[in-house]
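# Overview (structure and organization)
Okay, here's what each chain looks like letter by letter:
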Amino acid sequence: MATLIPSSDLPARGLRLHGVHKEFAGQTVVDNLNLEIEEGSFVALLGPSGCGKTTTLRMIAGFDTLSSGRISLGSTVLASDHQQLPPELRNMSMVFQSYALWPHMTVADNVGYPLKLKGYKGSDYQRRVREALATVQMEPYAQRRPQDLSGGQRQRVALARCLASEPRVVLLDEPLANLDRHLRASMEDSFRDFHRRTGATFIYVTHDQAEAMALADRIAVMHKGQLVQWDAPEALYQRPQNAWVAGFIGQGSVVRLPLSSSERLLSSAQVQQALAALQNKPSATEEVLIRPQHVELDPAGVPATVTHCVFKGERYQFVLQLQDGQSLQAYHWQGLPTGAQIAITVRQGWRLQEQPAGSTRPTLASVA
Ligand SMILES: Nc1ncnc2c1ncn2[C@@H]1O[C@H](COP(=O)(O)OP(=O)(O)OP(=O)(O)O)[C@@H](O)[C@H]1O
């Protein structure tokens, strides 16, 4: 796959992955990965299960070796196919889904562990432990053991331990995966705050696109070991590279439309014209992403039939059938019966790049 990151000047103290490749028993799990991560940024590695996110994080941390390529932090080469800086010399800290706290130690001792390794003692040690615990509002729990804490509290202790070691890079591997939905939302705030306070570079692995969008200022979308898009959350949502990314990020429909121009962002008039032309069964069509919020009921629009309607609390979610049988997702504040004949206007569309033959795409979120 082509390099998606321009090989511009190295960020002065940033993290760079250059042609990183990893095989396990002859099978490629990370394929020529190129990324330039700015110092102090919050980056998410996002992709479906098995796409190589954790392996990438472990190579950055130094827990896995590279088959080929190079990882560097500023001017220091951390790893290549012939050299490997040990994890403890990388000035990085990893936060795991399982928290990885010592069960026989108190909360304070868990947090202080990396400080002891660095030789801190006495009042300086005590102060740093207190400060780290205060940052995650866990000071009152200093003398408890991890098993006497909730999942969210344990993860906050793991964050405090990470903070105490003052890393330049914080690596987080699905840290919220074991928590319920409400706790996840409040922990997202803790991560944001933690990132702001430390100024460290954060690399956050998740398969949850909403979590990645809420936290990261840049997202690397991975699929089958390859980087498919590297962009800000808004850009990923508004300008996905292809139908696979469009299906993975947010809700929407990919429809095939006959297009007469070459722009990627299509105006309402262009989409309406293409939708109206579907009744002529055009032979040449291209993939266009249409987000549900851009579909509006409009008596002057093109005909469609309601095939599915689900109440979602703040709105109804529909599946509509276009004149040629293609499906389109839409929202509306009112419910409509299945089989209702309506007319719609689409406010905008995004032309997708065709994917290489044989590649798969995630199933687009449906209301069914
Ligand atoms: N030590 C190993 N030996 C052999 N294969 C491995 C090893 N570690 C990972 N793999 C394989 O590499 C592929 C990528 O795994 P990885 O854990 O990096 O994916 P992931 O995107 O983090 O997935 P998940 O979200 O499920 O954790 C998978 O097919 C996995 O089975």
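Each value, and the rule that gives it
- Residues numbered from 1 in each chain as written.
- Predicted model: local features only at pLDDT ≥ 70, side-chain atom pairs only at ≥ 80, totals over all residues.
- Helix = DSSP H or I, 4+ residues; strand = E, 2+ residues; numbered from the N terminus.
- Expected span 1.5 Å × (residues − 1).
- Buried ≥ 20, exposed ≤ 12 C-beta atoms within 10 Å, placed from the backbone.
- Arc of directions from axis to C-beta.
- Near = placed C-beta within 6 Å.
- Nonpolar A, V, L, I, M, F, W, Y, C, P; charged D, E, K, R; others polar.
- Core = buried A, V, L, I, M, F, W, Y, C linked by C-beta atoms within 7 Å.
- Domains from an automatic or database assignment.
- Contact = placed C-beta atoms within 7 Å.
- Pairing = 2+ DSSP bridges.

### Details of helix α3 (residues 122-135)
The α-helix winds at 3.6 residues per turn, so residues separated by three or four positions along the chain end up facing the same way. With 14 residues, α3 extends 20 Å from end C-alpha to end C-alpha; this agrees with the ideal 20 Å at 1.5 Å per step. Listing the buried residues of α3 in full gives Arg128, Val129, Ala132 and Leu133. Looking straight down α3, one finds its buried side chains confined to an arc of 130°; they lie on one side. Residues of α3 that are exposed and angled more than 90 degrees away from the buried face: Ser123, Asp124, Arg127 and Ala134.

### Quick notes on the site of the ligand
Surveying the vicinity of the ligand reveals the residues Phe24, Val29, Gly47, Ser49, Gly50, Cys51, Gly52, Lys53, Thr54, Thr55 and His207. For the shell around the ligand, the element with the highest residue contribution is helix α1 (residues 53-61), accounting for three residues. Partitioned by chemical class, the residues of the shell around the ligand number three nonpolar, seven polar and one charged.

### Points about the nonpolar core
Within the largest apolar cluster, 98 residues are counted, with the highest numbers of intra-cluster contacts made by Ala160, Leu171, Ile203, Tyr204 and Ala220. Among the elements that take part in this core, helix α4 (residues 151-164) stands out by supplying seven residues, more than any other. Here this core spans two domains, and each of domain 1 (15-245) and domain 2 (252-351) adds at least three residues to it. Not counting residues up to four positions away in its chain, the partners in contact with Ile203 are Ile37, Val43, Leu45, Leu57, Ile60, Val169 and Leu171.

### Quick word on the pairing of strand β15 (residues 316-321)
With six bridges joining them, strand β14 (residues 295-311) and β15 adopt antiparallel strand pairing. Paired with Phe311 across the strands is Tyr316, a residue of β15. Hairpin connection from β14 to β15: four residues lie between these consecutive antiparallel strands, with Gly313 at a positive phi of about 90°. Bridge count between β15 and strand β16 (residues 327-332): six bridges; the pairing is antiparallel. Bridge pairing links Tyr316 to His332 in β16. From the end of β15 to the start of β16, which pair antiparallel, there are five residues, and Gly325 there has a positive phi angle of about 95°.

### Some remarks on the domain arrangement of the chain
Per the domain assignment, the segments of the chain are domain 1 (15-245) and domain 2 (252-351). In this structure, domain 1 and domain 2 have C-alpha centres spaced 40 Å apart.

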